[in-house]
Each structure stands twice: as structure tokens, then as C-alpha cells.
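Residues per chain, in single letters:
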Amino acid sequence: MDRRAKRRQRDFATVGALPERKQQRFVAEYLIDLNATAAYKRAGYEGKGKSAENAASRMLGNVGVQLAVTAAMQQRGERTGITADQVIREIERMAVTREAICIGVLLFRYFPSP
């Protein structure tokens, strides 16, 4: 194993150990909306259009960034106590409620009570 590989292995031994401050910022920004290109720009990296999109994709391919994102998502889940299944169920409940309200409004509008 060469020196770089050893250093990289040591750096990523601790989950979330990112060598650059901008990478740490990228992870924090990515967790806001899961938009890598926007997170890349908000983290302070320069890039426009496809170049920013490609660089953001490469950033997500970085093993250290992947570990940090995974760890941060897990910590957020533990902190909030909310699972993805709960979010999906709540969205479904809201959609059904909204649909029922729309149907009620239409019925009232076109078939008013006597």
C-alpha cells in the first residue's frame, strides 16, 4: 500500500473525517435538500452549469463524503426519531385529505344542497 492510500485509509477510519472544510460544508448543505449541485455551489465551490453538476457528482463519489453523508443522515434520524416510512405515510395521508377536500368543494359547487 502506498503512502497516499495509507493516509486516505487513516483519514477515513473515523466516520466523517473529511480533510477539507469545504467538503464538510458540502455535506451539511447536501443534507438540506439532497441536491448535490446546489450544495456544491453553496459550499463555496466555483462552477457553472454542467461543470458544477459533474463536480458535485464526483464529490458524492468521494468515499469520505459518502461516509459523512451516511453518518449525518443516521444521526439526524436518531435525533428526530422519524423514519422514511413515517414521512411517506404522512404525505399519503395529506394527499388523501386534500383529495377529499377538493371533491367536497366540487360537490358543493355543482350540487348545492336544497
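Given the structure is predicted, the values throughout are model-derived calculations rather than measurements.

All right, on to the nonpolar core then. In terms of nonpolar packing, the biggest core is built from 17 residues, with Phe26, Val27, Tyr30, Tyr40, Met59, Val65 and Val69 touching the most fellow members. Here Tyr30 is in contact with Asn35, Ala36, Ala39, Leu60 and Val69, once residues within four sequence places are set aside.

Within the secondary structure, Glu29 sits in helix α2 (residues 21–33). Judged by relative accessible area, which is 10%, Glu29 ranks as buried. Excluding anything up to four places from it in sequence, Glu29 contacts Ala39, Arg42 and Ala43.

A cluster of nonpolar side chains, namely Ile103, Leu106, Leu107, Tyr110 and Phe111, defines an oily patch on the protein surface of about 560 Å² accessible area. For Leu106, the location among the structural elements is in helix α6 (residues 84–110). Residue class for Leu106 comes out partly exposed when judged on its relative accessible area of 47%.

Moving on to the packing of aromatic side chains. Throughout the structure, instances matching the rule amount to two aromatic pairs. On the basis of an interplanar angle of 15° and a centroid distance of 6.0 Å, the ring pair of Phe26 and Tyr30 is categorised as stacked. Of the two residues, Phe26 and Tyr30 both sit in helix α2, four residues apart, roughly one turn of that helix. Judged by centre distance (4.6 Å) and plane angle (10°), the ring pair of Tyr40 and Tyr45 falls under stacked. Both residues of the pair, Tyr40 and Tyr45, count as buried.

Within the chain, residue pLDDT values average 82, and 82% of them lie at 70 or more. By mean pLDDT, helix α1 (residues 3–11) is the weakest element of the chain at 51, and helix α3 (residues 36–42) is the strongest at 93. Here residues 10–16 is modelled with pLDDT under 50, and outside its nearest four sequence neighbours on either side it reaches 10 contacts, counting other chains as well.

So, how was this worked out
- Residues numbered from 1 in each chain as written.
- Predicted model: local features only at pLDDT ≥ 70, side-chain atom pairs only at ≥ 80, totals over all residues.
- Heavy atoms only, no water.
- Core = buried A, V, L, I, M, F, W, Y, C linked by side-chain atoms within 4.5 Å.
- Buried < 20%, exposed > 50% of the residue type's maximum accessible area, 1.4 Å probe, protein only.
- Contact = heavy atoms within 4.5 Å.
- Helix = DSSP H or I, 4+ residues; strand = E, 2+ residues; numbered from the N terminus.
- Patch = residues over 30% accessible without salt bridge, like charges linked within 9 Å, V, L, I, M, F, W, Y side chains within 5 Å.
- Areas by Shrake-Rupley, 256 points an atom, 1.4 Å probe, with all protein chains shown as cover.
- Salt bridge = Lys/Arg side-chain N within 4 Å of Asp/Glu carboxyl O.
- Phe/Tyr/Trp six-rings, centres within 6.5 Å; stacked < 30°, edge-to-face > 60°.
- pLDDT = per-residue confidence, 0-100.

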